[in-house]
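# Examining the three-dimensional arrangement
So the chains spell out like this:
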Amino acid sequence: MRAVVVRPPRAGVELLEVPAPTLVPGGVRVSVLECGVCGTDHDIVDGKYGRAPVGTPFLILGHENLGVVTEVDAAAPGFAPGDLVVATVRRGCGEDRFCRTNRSDFCETGRFTERGIGGAHGYMAEEYVEVPEYLVPVPPELRPWAVLLEPMSVVEKAIVQGQLVLDRKEPTPGEPKPVAPSALVAGTGAIGMLAALVLRVRGYRVTAIDRHDETTPAARILAAIGADHVNTAGGLATVGDRRFDLVVEATGSVDLDFSLVNLLGPNGVLVLTGIPDAGTPAHDVAGGALWRDVVLGNQAIVGSVNANRTYFEAGLRDLAVVRQRWPDAIPGLISARRPLESFADVLGGRAGGTIKTVLTIRPGGAGDATR
Ligand code: BGC
């Protein structure tokens, strides 16, 4: 079968003919329909991240996935050929209590693998085999957007982490109900846009920032879902003196991460989701003032990575709500669908102002929006 492969830590990406995986007992064979491309994939292609499986000279790339079941072992009940599925990414170490209870996103040993990222082959290939535990069934009506489920799961987890902190601000009995909490989303790539959508579904007042004007698809979607958009190309001062209960960062920019602390309101929380390059230094951080404000404001800064199956399931529920509430907004989240053959172009450069580029691995699948 054809697979998009990388050879970390070497930069570069190639299309390789590799043996199709064999169906393991209790396994499910999946024909891949689509794979989304994200910043992590670009970092791996640039040679800055990623790890091949032990004893293998290459890694099959791809972790944002959507596929259709083609073969089911007799010992894998609950799946049938034709079912749409999205596979989760992380495989736990099996050693700590989190990994033993399907919460490998909180793995404490660090000895996990991640399909398509670190130590396990991914989904940017014609087929993969997986056991049911890691396969999330997708209803057919979500077919056109289900390739967004993996980034959606990351967003669902991140927002829960922020909400856990904000729950300290629960309503006070006898006092008027507090106004809806406010959220700032930094970055309008897929993670930022999905965060804006989920936060709107949860009733937050949402402002999203990026370095673009009002003419981008992201700005138009934000307007359609009732979120504010601020172009901060001229600096964060453009946001004005508004401060936010929850700030969700989705850029991986080290300097921005520090600046965002200044946009937190009292008792607020900053959730970081972008993964910066480890070698990037910070510039001009007024550390004393920063930490002073954090302490005096009861503020919290939380990192959030990956997502377990429960967040994929939450993502499916929210995708269904989003589809009902803003049917015109959601198709714009996928900026382009490109054929597998254009893998080198798609993975070779990061296009500014786009939300999500998807590689079509198997064209013409049921509901394929490119047909
Ligand atoms: C993926 C996560 C993964 C993280 C770190 C992200 O792009 O969506 O599943 O845990 O990278 O490797």
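Before reading further, recall that the structure is shown in the block above.
For the structure given in this document, a descriptive report is provided here. (Residues numbered from 1 in each chain as written. Predicted model: local features only at pLDDT ≥ 70, side-chain atom pairs only at ≥ 80, totals over all residues. Heavy atoms only, no water.)

So, on to the overall build of the protein. Across its full length, the protein carries nine helices and 19 strands. The C-alpha radius of gyration of the protein comes to 21 Å, within 12% of the 21 Å expected for a compact globule of 371 residues. The principal-axis extents of the C-alpha atoms in the protein amount to approximately 60 × 45 × 45 Å. When each of the 371 residues of the protein is scored for burial, the buried share is 51%. Looking at the protein alone, contacts between residues at least 24 apart form 69% of all its contacts between residues at least 6 apart. Put simply, the protein shows about 16,200 Å² of open surface, and 54% of that area lies on carbon and sulfur atoms. (Helix = DSSP H or I, 4+ residues; strand = E, 2+ residues; numbered from the N terminus. Rg over C-alpha atoms; globule rule 2.2 N^0.38 Å. Buried < 20%, exposed > 50% of the residue type's maximum accessible area, 1.4 Å probe, protein only. Contact = heavy atoms within 4.5 Å. Areas by Shrake-Rupley, 256 points an atom, 1.4 Å probe, with all protein chains shown as cover.)

With respect to the secondary-structure elements, G118 resides in the loop between β8 (113-115) and β9 (119-120). Expressed as a C-alpha distance, the spacing of G118 and D345, which sit 227 residues apart in the sequence, is 23 Å. Aside from chain neighbours lying at most four places away, what touches G118 is R51 and T113.

Near the ligand lie 13 residues; those nearest to it are T40, Y49, E114, E150 and N306. At a separation of 2.7 Å, an oxygen atom of the ligand approaches a polar side-chain atom of Y49. Residue E114 places a side-chain N or O atom 2.5 Å away from an oxygen atom belonging to the ligand. Protein contact buries 92% of the 310 Å² of open area that the ligand shows by itself. (Near = heavy atom within 4 Å. Polar contact = N/O pair within 3.5 Å; in protein donor to acceptor, adjacent residues only side chain to side chain.)

If you trace the six strands from one edge of the open sheet to the other, you get β14-β13-β12-β15-β16-β17, paired in parallel fashion. Edge positions in the sheet fall to β14 (228-231) and β17 (300-303), since each of these pairs with one other strand and no more. Here the strands of the sheet are splayed against their neighbours by 20° on average, with no regard to which way each runs. Examined bridge by bridge, strand β15 (residues 244-249) and strand β16 (residues 264-272) share five bridges and lie parallel to one another. Paired with L246 across the strands is V269, a residue of β16. Where helix α3 (residues 149-166) meets the sheet, it contacts β15, β16 and β17, and its direction lies at approximately 155° from that of β16. (Pairing = 2+ DSSP bridges. Axes fitted to C-alpha atoms, helices over the stretch in contact; angles between N-to-C directions.)

Another aspect to go through is the sheet that holds strand β2 (residues 14-17). Strand order in the open sheet made by the three strands is β2-β1-β4, with antiparallel pairing throughout. Either end of the sheet is taken by a strand with one partner, and the two such strands are β2 and β4 (59-60). Of the pairings in the sheet, the one linking strand β1 (residues 2-6) to β2 comprises four bridges and is antiparallel in character. By the bridge assignment, V4 is partnered in β2 with L15.

So, on to the pairing of β14. In this sheet, β14 lies alongside strand β13 (residues 205-210) in parallel orientation, the contact comprising four bridges. For D210, the partnering residue across the bridge sits in β14 and is N231. Viewed along the sheet, the connection from β13 through helix α5 (residues 217-224) into β14 turns out right-handed. (Right-handed = clockwise from strand over helix to strand, strands pointing away.)

On to the nonpolar core, then. In summary, soluble globular proteins display a tendency toward joint burial of nonpolar side chains. By size, the foremost hydrophobic cluster in this structure holds 56 residues, and its most contacted members are V138, L149, L199, I225, L246 and L333. A per-element tally of this core places helix α4 (residues 190-201) first, with nine residues. What L149 contacts, discounting residues up to four positions off in sequence, is V86, V136, F312, G315, L316 and L319. Core analysis: the next-biggest nonpolar cluster, separate from the first, contains 29 residues, A52, L61, Y128 and L359 among them. (Core = buried A, V, L, I, M, F, W, Y, C linked by side-chain atoms within 4.5 Å.)

Every buried residue of α5 is listed here: A218, A219, I221 and L222. Seen end-on, α5 carries its buried residues on one side only, within an arc spanning 160°. Residues of α5 that are exposed and point more than 90 degrees away from the buried face comprise R220 and A223. For α5, the elements touching its buried residues are α4, β13 and β14. Downstream of α5 by one or two residues, G226 has phi in the positive range, about 80°. (Arc of directions from axis to C-beta.)

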